[in-house]
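# Residue-level structure breakdown
Chain residues, written in single-letter form:
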Amino acid sequence: MTGSAPQAGFYYQNNIAALKIIESLFFNSDIQYIQLENYDRGNHIDDVIINRKDKTEFIQVKWSEDENNNYTLYNLISNVDGKKSIFRQLADGYKSVINSEKQFQIILYSTKVISNAARPSKNITIGLNDFIKKVVLPIQTSGKQYDAIKTVKEFLPVVEVVRKETGLRKKEFTDFLSRLDFQLKQDSIHIIKDAIGSKFSLLGIEKNLVEHLTNSEIAPKACYRKMLNKKTALGNYSKTVFN
């Protein structure tokens, strides 16, 4: 797709949503409905909202044209062009849903790869890969507050830098990290488009409708509804997957 970076970002985001809709069309899917860009429900984490039977997934999609572009831990806590850091956006999203959602997960979904580069001059002495493996995952598996986990204690100076950037208290920060999922190094737009085309063809959905859906940058809802009203290879199966 040609055009500005924001337009390309919307295009990638719509393709991710289309893949989730494909998943919802099968009988064994636990997806109940999908929402796009519902800022009132989840600040900054509303690009794609997947409502499953037992939890809600709030997905922030970050697309990059350069497949070799990466995320470092310092990138994620840095303000760029006056905008909030990625970590602050995700944390603000967490605060916006913590009182309204019982079970939820926050997902950072991006084509960018994970870099393990550190930034000692900014008190970031470990990279993102190590932060996920040695801080985030132990929190998620132990259920303890981060400063009570023995293996995390050696990284507390770095953890505190990140926590202060999020603006969360210790208990909140622990819960926030326990719900955070880094889904990085995702497939390029070309691979996703090929997957969508083949799966939609299998379901008996017209190619032109798929193209209209994924190219819709502002309001793709009508396209989704048309698509979901079509009879597919699954028969007359009907399910509310878009709200």
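Here's what I pulled together on the structure shown here. Remember, predicted model here, so these are calculated numbers, not experimental data.

With that settled, the discussion passes to the overall build of the protein. When you go through the protein residue by residue, the secondary structure sums to nine helices and seven strands. Out of the 243 residues in the protein, the part that is buried amounts to 48%. Pairs at least 24 residues apart make up 65% of the contacts formed inside the protein by residues separated by at least 6 positions. By element, 47% of the accessible surface of the protein is carried by carbon and sulfur atoms, the whole surface being about 12500 Å².

For the rest of this paragraph, the subject is the nonpolar core. In this structure, Leu 73, Phe 87, Phe 131, Phe 176, Leu 177 and Phe 182 are the most contacted members of the largest nonpolar core, which totals 38 residues. Looking at this core, the elements that each hand over two or more residues are α2 (73-76), α3 (86-97), β5 (104-110), α4 (128-142), α5 (156-166), α6 (170-178) and β7 (180-183). Setting aside anything within four residues of it in sequence, one finds Phe 176 in contact with Phe 87, Leu 90, Ala 91, Tyr 94, Ile 106, Thr 166 and Leu 168. Ranked by size, the runner-up nonpolar core spans 20 residues in total, among them Tyr 11, Ala 18, Ile 31 and Ile 189.

The relative placement of two aromatic rings is captured by the distance of their centres and the angle of their planes. Considering all chains together, one arrives at eight aromatic pairs under this definition. Pairing Tyr 146 with Phe 173 gives two aromatic rings, centres 5.6 Å apart and planes at 90°, and the pair type is edge-to-face. Here Tyr 146, found in the loop between α4 and α5, pairs with Phe 173, found in helix α6; they are 27 residues apart in sequence, far enough to count as distant. Neither residue differs from the other here; Tyr 146 and Phe 173 are each classed as buried. An aromatic cluster of three or more residues is present, and its members are Phe 58, Phe 87, Tyr 94, Phe 104, Phe 131, Tyr 146, Phe 173, Phe 176 and Phe 182.

One pass over the structure, following the stated rule, counts eleven salt bridges. As a salt-bridge pair, Asp 92 and Arg 88 come within 3.3 Å of each other at their nearest N and O atoms. Pair noted here: Asp 92 and Arg 88 are both in helix α3, with a separation of four residues, about one helical turn. A relative accessible area of 12% means that Asp 92 is categorised as buried. Residue classification places Arg 88 among the partly exposed positions, given a relative accessible area of 28%. Between Asp 147 and Lys 170 there is a salt bridge, with its nearest N and O atoms 3.5 Å apart. Pair noted here: Asp 147 is in the loop between α4 and α5 and Lys 170 is in helix α6, with a separation of 23 residues, a long-range link. Residue Asp 147 is classed as partly exposed on the basis of its relative accessible area of 24%. Each of the salt bridges in this network shares a partner with another, and the network as a whole consists of Asp 30, Arg 52, Lys 55 and Glu 57.

About the criteria used
- Residues numbered from 1 in each chain as written.
- Predicted model: local features only at pLDDT ≥ 70, side-chain atom pairs only at ≥ 80, totals over all residues.
- Heavy atoms only, no water.
- Helix = DSSP H or I, 4+ residues; strand = E, 2+ residues; numbered from the N terminus.
- Buried < 20%, exposed > 50% of the residue type's maximum accessible area, 1.4 Å probe, protein only.
- Contact = heavy atoms within 4.5 Å.
- Areas by Shrake-Rupley, 256 points an atom, 1.4 Å probe, with all protein chains shown as cover.
- Core = buried A, V, L, I, M, F, W, Y, C linked by side-chain atoms within 4.5 Å.
- Phe/Tyr/Trp six-rings, centres within 6.5 Å; stacked < 30°, edge-to-face > 60°.
- Salt bridge = Lys/Arg side-chain N within 4 Å of Asp/Glu carboxyl O.

Everything listed here is a matter of coordinates, which is why it stays silent on function.
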